[in-house]
Amino acid sequence: MIIQEKAKILANLKIIDKYYKVVLFSSQIAKGIQPGQFVMIRVTETTEPLLRRPFSIHRVKRKKIEILYEVVGRGTKILSEKRPGEYLDILGPLGNGFDINLKSGEQKPKILLVAGGIGVAPLLFLAEQLIIHTLRPSAILLGAKTKRQILCEKEFKELGLDVKISTDDGSKGFKGKVTDLLRDFLSTANTQQRVTIYTCGPRKMFREISLISKEHKASIFGSLGEYLGCGVGACLGCVVKTKRGFKRVCKEGPVFDIDEIV
Ligand SMILES: Cc1cc2nc3c(=O)[nH]c(=O)nc-3n(C[C@H](O)[C@H](O)[C@H](O)COP(=O)(O)OP(=O)(O)OC[C@H]3O[C@@H](n4cnc5c(N)ncnc54)[C@H](O)[C@@H]3O)c2cc1C
């Protein structure tokens, strides 16, 4: 059931540069939300901007929802100026998140998480849930342009995960793309185990991960960050072509088997 709720802002913190974290008190939506699902936030009481903006759930702590976001335009700028005590009109839980349930008789896979930039946002909640389901990821690969833009390293380490970092400029970790780091990681992993990759980041990254995963016969599930209109499946503004026809990112996604995307 989709719920509309006025959520009180408990904190809205600048993490670094244009990255922020807003913490909301949500008595209802927080209850049943799954990793990879999202909420649509109305950032203003006026009609400017008119549309709600979609955000993944970064973390849930009882009735608190955390959202990690990057300021890229009008909506996120307005969001970054909100103060504790103000309220946000939110709609959720929306979409289909990451499926972390093993089918009966299925062996546990080796799990890797791969984040490109702000794509890290839904992966912390996912990592926590995987651990609860005894599916601890083998590693999280965090990629960003520079060292300053590496987010959540500490949080993943606190979960006891092996954190691998890549930066385009080599200011921290592996110098290059996170996809190159993934290729390296898989080539040296020497595993007979089936590999499942959960990922979020730019579209271009998915294309590369898809090629790499084919070489290693890995499954790959990614959260698509397309432009959304309504967020509830009505406007068809976010359809993507898949091997099984057109699918709405906001309704059938945002998480897809990336090999299904045409
Ligand atoms: C399911 C889903 C989950 C998301 N989760 C997060 C999240 O957890 N954290 C986060 O920071 N962002 C997330 N996004 C992206 C976020 O919704 C957009 O960045 C936001 O809507 C931009 O609003 P704006 O008004 O600031 O930008 P606008 O003024 O609308 O646009 C400013 C610039 O950003 C670009 N832009 C806008 N929307 C997108 C988009 N969806 N993808 C790529 N470029 C875009 C525009 O081309 C333009 O250049 C998510 C998107 C989806 C679909």
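Cut-off values and rules
Residues numbered from 1 in each chain as written. Predicted model: local features only at pLDDT ≥ 70, side-chain atom pairs only at ≥ 80, totals over all residues. Heavy atoms only, no water. Near = heavy atom within 4 Å. Polar contact = N/O pair within 3.5 Å; in protein donor to acceptor, adjacent residues only side chain to side chain. Areas by Shrake-Rupley, 256 points an atom, 1.4 Å probe, with all protein chains shown as cover. Helix = DSSP H or I, 4+ residues; strand = E, 2+ residues; numbered from the N terminus. Pairing = 2+ DSSP bridges. Axes fitted to C-alpha atoms, helices over the stretch in contact; angles between N-to-C directions. 1 Å grid on protein atoms, 1.4 Å probe; cavity = no way out; pocket = protein on both sides within 12 Å on 5 of 7 lines; lining within 4 Å. Points joined across faces, edges and corners; volume = space filled by probe spheres on them. Nonpolar A, V, L, I, M, F, W, Y, C, P; charged D, E, K, R; others polar. Domains from an automatic or database assignment. Contact = heavy atoms within 4.5 Å. Buried area = accessible area lost by both parts, 1.4 Å probe. Salt bridge = Lys/Arg side-chain N within 4 Å of Asp/Glu carboxyl O.

This part takes up the site of the ligand. Not every one of the 20 residues close to the ligand is listed here, only the nearest: Arg-53, Pro-54, Gly-75, Thr-76 and Tyr-227. Separating a nitrogen atom of the ligand from a backbone N or O atom of Ser-56 is a distance of 3.0 Å. The contact in question runs from an oxygen atom of the ligand to an N or O atom on the backbone of Gly-75, over 2.6 Å. Protein burial of the ligand: of its 880 Å² of free accessible surface, 72% is covered by the chains. Examining the composition of the shell around the ligand, we find that four residues originate from one element, strand S4 (residues 53-56), more than from any other.

In space, the seven strands of this open sheet follow the order S4-S3-S7-S1-S2-S6-S5, with antiparallel pairing throughout. Of all strands in the sheet, those bounded by a partner on one side alone are S4 and strand S5 (59-61). Going across the sheet, the axis of each strand differs from the next one's by a mean of 35°, ignoring polarity.

Moving on, we come to empty space enclosed by the protein. Counted by the stated rule, this structure contains one cavity of 30 Å³ or more. Within this model, the largest cavity holds a volume of roughly 50 Å³. Broken down by element, the residue count for the lining of the largest cavity peaks at three residues, all from strand S9 (residues 139-144). In the lining of the largest cavity, the residues fall into six nonpolar, three polar and no charged.

Next up on the list: the domain arrangement of the chain. When its domains are assigned, the chain resolves into domain 1 (3-94) and domain 2 (110-223). Computed over C-alpha atoms only, the centres of domain 1 and domain 2 are separated by 25 Å. On the domain 2 side, the residues contacting the 15 residues of domain 1 number 14 residues. Of the roughly 1,500 Å² buried where domain 1 meets domain 2, counting both sides, 63% is carbon and sulfur surface. Among the residues of domain 1 in contact with domain 2, Pro-35, His-58 and Arg-59 are the three that bury the most area, contributing 37% of the side total. In this structure, the connection of domain 1 to domain 2 is made through two salt bridges. Asp-17 is the partner of Arg-148 in a salt bridge, and the nearest nitrogen-oxygen pair spans 2.7 Å.

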